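A structural walkthrough
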Amino acid sequence: MLNEKVAKILNSIADYLEMEDDFFRVKAYRQAAHTVEVLTTDIETIHQEGKLIKLPGIGQHIAGKIEEIIEKGTADFYEKLKEKYPVNFEELRGVEGLGPKTIKLLYQELGIKNLDDLEREAKRHHIRRLKGMGDKKEKALLENIVFARKFRSRNLLGEVMPLAEKIKKRIEALPQSRKVEIVGSIRRRKETVGDIDVLVTTPQPQDIMDYFVSMDLVGEIIVQGPSKSTVRLKDGIECDIRVFDEEVFGAALMYFTGSKEMNVEMRKISISRGMKLSEYGLFKKEKRVAGKKEEDIFHALEMDYIPPELRENRGEVEAAQKGELPLLLKVEDIKGDLHLHSNWSDGKNTLEEMVLGAIFKGYEYVAITEHTGSLKIANGLGEEKLMQQAREIDRLNDELENITILKGAEVNIDLDGRLDIRDEVLQEMDVVVAAVHSGLNQGYFDLTRRIVTAMENENVDILAHPTGRKLQKRKESEVNLNQIFDVAQETGTLLEVNSNPVRLDLRDMNVKRALEHGCKLVVNTDAHSQNQLNNIQLGVGTARRGWAQKKDVVNTLPLKGFLKALKD
Ligand SMILES: [Zn+2]
Ligand SMILES: [Zn+2]
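This text gives an overview of the structure that appears in the document. As the structure is a prediction and not an experimental result, all values here were calculated from the model. (Residues numbered from 1 in each chain as written. Chains lettered and ligands numbered in written order. Predicted model: local features only at pLDDT ≥ 70, side-chain atom pairs only at ≥ 80, totals over all residues. Heavy atoms only, no water.)

**Points about the overall build of the chain**
Convention followed: Strands here mean DSSP runs of E at least two residues long; helices mean DSSP runs of H or I at least four residues long; both are numbered from the N terminus. This radius of gyration counts C-alpha atoms alone. The globule rule is 2.2 Å times how many residues there are, raised to the power 0.38. Accessible area is worked out with a 1.4 Å probe on protein chains only. A residue is then buried under 20% of its type maximum, exposed over 50%, and partly exposed in between. Residues count as neighbours in contact if any of their non-hydrogen atoms are within 4.5 Å of one another. Positive charges are assigned to Lys and Arg, negative charges to Asp and Glu, while His and the chain termini are left out of the count. For this purpose, a charge sits on NZ of Lys, CZ of Arg, CG of Asp or CD of Glu.
When helices and strands are tallied, the chain shows 24 helices and 17 strands. A compact globule built from 568 residues would reach a C-alpha radius of gyration of about 24 Å, and the chain, at 26 Å, matches this within 12%. The buried share among the 568 residues of the chain stands at 54%. Put simply, of all contacts in the chain between residues at least 6 apart along the chain, 67% involve residues at least 24 apart. Taking the 87 positively charged and 96 negatively charged side chains of the chain as two groups, their mean positions are separated by 6 Å.

Following this line, the structure appears as structure tokens:
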């Protein structure tokens, strides 16, 4: 999708302009980048309709740049800035303490372009001589380089959330603590997160701080204070804890949950009503009118409560003012998981163990969908093995009372859009999941054609991990998502929100687009072990970020209704 690329280039331009102290234009480009980031329509379509300048914050000048990017893949202005400052911005920005101004200084004075250059110059003590640097800063930089290398990117939500929950539980268990909440992007269920932020109310802050910094998970104490402490966990992730009064806890929750963009909007609304909003409450003159609960603040501003997952300034503020927020899908709504692997293919647990895991989650039904023939690395099953497994499932269904096991398979879509299991066999299955596992770089037209062909097969019920992305490893494949969404809607193929922490595919904004095309969804775990069945909360979080409601998600239906919602 071009939107992401356009937004990225606009943001990079803003970075360069920041080096040039051109703050007026920095603001304009950042605003434009945000507008493009949250679009649910293809920017190309908007361009073709000549409506670029109708978008908020996009004037004639920036519209021209966007046009260039759409047509040539880049903008001359951007290329010139890159030439002027040939530095690896992304890499250097990953080092704590390095902003655009310092990066400019380092480049102009010492020719530093990347992490390696930076390390070399710091070790030669060339950096301390620069204006405004000194030996302390040089030493700190050297330490921070190590971390930038190790944790070059943000952390996956699915990796950090269990850790955050563990910390929350431990603090909750202390007799001195009252309320404990994880805030920040974890609470918003963003797919990658920076650090862990915890808020607490307590009559004895000192005890909580003492406990917090002495947890066995802590690698290093960065700051220990009376109401705020920061540590680096042994995993390398930073964790902050802050104590607030019960009376202002809601305001603090809202403030530290973010997003920054939504907080800005909320402050604007407060001001327009003659009030002031901060982490200490909503104030009229000196008087606090709300602050104890988040709900109170929203209501005092005459808007509905906005669930954390929607707080991205993507239209939720307006919707909350009009009383038009969606009633979001909940984890408890999910009645069955339709994408599971056992050790018949590349899963870790036995078929029976996977089913028991599903019973434990309270599901009404579950589908076993092993990899098939052509996926050799995943120990794919041939037709005979699939039929053998079907008989095993019949036996288990007779034995178990609290769940229905559906027969399925995760078939591969080959380079021409054909499946690696014959239709006669697929007809015997309850649920067929189809996926692209190879040739993802085939190219826009061929790959789109291939997926469309598979969806047109009347045996294919679900398109799994539709864009093939892997966070921090592989970008979304280049496909025509509009066409895929249209064909999914026409053929009644369900689109998967895959809950694997690395995939989360469809991602939030694509969920929203798919729903706007009238598509129906399923949220699956693609679990390869019993434990991974718990990932469902990540998929549901992603669907919520994409504004999905219960009615949009077919595996919220009871078994009968679910089977009816599948193709014949
Ligand atoms: Zn797969
Ligand atoms: Zn799978």
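Here the narrative resumes.
**Looking at the sheet that holds strand 5 (residues 218–224)**
Formally: At least two bridges found by DSSP between two strands are what make those strands a pair. Note on method: axes are straight lines fitted to C-alpha atoms, helices fitted across the in-contact stretch only, with angles between N-to-C directions ranging 0 to 180 degrees.
In spatial order, the strands read 2-4-7-6-5; together these five strands make up an open sheet with mixed pairing. Because the sheet does not close on itself, it has two edges, and the strands there are strand 2 (180–182) and strand 5. Strand-to-strand twist across the sheet, computed as the mean angle between neighbouring axes with direction ignored, equals 20°. Note that strand 2 and strand 4 (residues 196–200) share three bridges and pair antiparallel. In the strand pairing of strand 4, Ile182 is matched with Val198. Along the sheet face, helix 13 (residues 249–257) touches strand 2, strand 4 and strand 7 (238–243) and points at about 170° away from the line of strand 4.

**Some remarks on the coordination of the zinc ion (ligand 2)**
Note the following rule: Metal coordination here is assigned from N, O and S atoms located within 2.8 Å of the ion, or within 3.2 Å for Na, K and Ca; omission of water means that sites may look incomplete. Just to be clear on the cut-offs, tetrahedral is four donors with all angles between 85 and 135 degrees, square planar is four donors and octahedral six with opposite donors over 155 degrees apart and all others between 65 and 115, and anything else goes down as irregular.
Of the protein atoms, only His339 (NE2), His341 (NE2), Glu410 (OE) and Asp526 (OD) coordinate the zinc ion (ligand 2), at distances of 2.1 to 2.2 Å. For the zinc ion (ligand 2), the four donor atoms are set out with angles of 82 to 168° between them, so the coordination reads as irregular. Donor residues binding the zinc ion (ligand 2) come from one chain and are separated in sequence as H-x1-H-x68-E-x115-D. The distance between the zinc ion (ligand 2) and the zinc ion (ligand 1) comes to 3.4 Å, and Glu410 binds to both of them.

**Focus on the pairing of strand 12 (residues 365–371)**
Just so we agree on the cut-off: Crossover handedness is defined by viewing with both strands directed away from the observer: a clockwise path from the first strand over the helix to the second marks the crossover as right-handed.
A large share of strand 12 lies buried, amounting to seven of its seven residues. With three bridges joining them, strand 11 (residues 336–340) and strand 12 adopt parallel strand pairing. Residue Leu340 lies in a different strand from strand 12, and its bridge partner there is Ile368. Remark: the strand 11/helix 17 (residues 351–360)/strand 12 crossover connection has right-handed handedness.

**Thoughts on the environment of Tyr85**
Here is the rule: Polar contact is the term for a pair of N or O atoms within 3.5 Å; when the atoms are in protein, one must be able to donate a hydrogen and the other to accept it, and sequence-neighboring residues count only if both atoms are side-chain atoms.
Of note, Tyr85 is situated in the loop between helix 5 (76–84) and helix 6 (89–93). For the pair Tyr85 and Glu312, spaced 227 residues apart in sequence, the C-alpha separation works out to 32 Å. Sequence-distant contacts of Tyr85, that is, excluding residues within four places in its chain, are made with Tyr16, Met19, Glu20, Lys104, Tyr107 and Gln108. At a separation of 2.8 Å, a polar atom in the side chain of Tyr85 contacts the side chain of Glu20.

**Comments concerning the nonpolar core**
Under the convention used in this document: Put simply, buried Ala, Val, Leu, Ile, Met, Phe, Trp, Tyr and Cys residues joined by side-chain atoms within 4.5 Å make one nonpolar core.
Among the nonpolar cores identified, the biggest contains 58 residues, and Ile405, Leu495, Leu521 and Val523 are the most heavily contacted of them. Those residues in contact with Leu495 that sit more than four places away from it in its chain are Leu463, Phe485, Ala488, Leu506, Ala514, Cys519, Lys520, Leu521 and Val522. Counting 47 residues, the second largest nonpolar core, distinct from the first, contains Ile43, Ile58, Leu92 and Leu141.

**Here's the deal with helix 20 (residues 444–456)**
So the rule is basically this: Expected span of a helix, by definition, is 1.5 Å for each gap between consecutive residues, and there is one gap fewer than residues.
Helix length check: helix 20, at 13 residues, gives a terminal C-alpha distance of 18 Å against a target of 18 Å (1.5 Å per residue), a fit within 8%. The complete set of buried residues in helix 20 reads Leu447, Thr448, Arg450, Ile451, Val452, Ala454 and Met455. Each element contacted by the buried residues of helix 20 is listed here: strand 15 (462–463) and helix 21 (481–491).

**Considerations on helix 13**
For helix 13, the tally of buried residues reaches eight of nine residues, placing the bulk of the element in the interior. Here helix 13 has its buried residues at Phe249, Gly250, Ala251, Ala252, Leu253, Met254, Phe256 and Thr257. Positive phi shows up at Gly258, right after helix 13, with a value of about 70°.

**Some details on the environment of Asn524**
Its place among the elements puts Asn524 in strand 17 (residues 521–524). Put simply, Asn524 and Glu364 are 160 residues apart on the chain and 14 Å apart in space, counted from C-alpha to C-alpha. Apart from the residues within four sequence positions on either side, Asn524 is in contact with Asp337, Leu338, His339, Ile462, Glu496, Val497, Asn498, Ser499, Ile536 and Asn555. For Asn524, the side chain forms a polar contact with the main-chain nitrogen of Leu338, separated by 3.0 Å.

**Concerning the coordination of the zinc ion (ligand 1)**
Around the zinc ion (ligand 1), the donor atoms from the protein are Glu410 (OE), His437 (NE2) and His465 (NE2), and they sit 2.0 to 2.2 Å away. Sequence positions of the donors to the zinc ion (ligand 1) reduce to the motif E-x26-H-x27-H. Residue classification places His437 among the partly exposed positions, given a relative accessible area of 21%.

**A closer look at unusual backbone geometry**
Here the bond from Gly258 into Ser259 is cis, since omega is -5°, no more than 30 degrees from zero. Inspection of the secondary structure assignment puts Ser259 in the loop between helix 13 and helix 14 (260–272). Along the chain, Asp505 connects to Leu506 via a cis peptide bond; the corresponding omega equals 5°. Checked against the element boundaries, Leu506 lands in the loop between strand 16 (494–498) and helix 22 (508–516). Positioned with a positive phi, Asp21 is a non-glycine residue whose angle comes to about 65°. If you trace the backbone, Asp21 turns up in the loop between helix 1 (2–19) and helix 2 (23–37). Even without a glycine there, the phi angle at Asn313 is positive, about 55°.

**Some details on the packing of helix 20 against helix 21**
Condition: For classification purposes, an angle smaller than 35 degrees is called roughly parallel, one larger than 145 roughly antiparallel, one from 65 to 115 roughly perpendicular, and anything else oblique. Basically, the charged four are Asp, Glu, Lys and Arg, the nonpolar ten are Ala, Val, Leu, Ile, Met, Phe, Trp, Tyr, Cys and Pro, and anything else, Gly included, counts as polar.
Relative to each other, helix 20 and helix 21 sit at 5°, their axes nearing to 10 Å. Judged by the inter-axis angle, helix 20 sits roughly parallel to helix 21. The residues of helix 21 that touch helix 20, namely those facing Thr448, Ile451, Val452, Met455 and Glu456, are Gln483, Ile484, Val487, Ala488 and Thr491. Counted by class, the contact of helix 20 with helix 21 contains six nonpolar, three polar and one charged residues.

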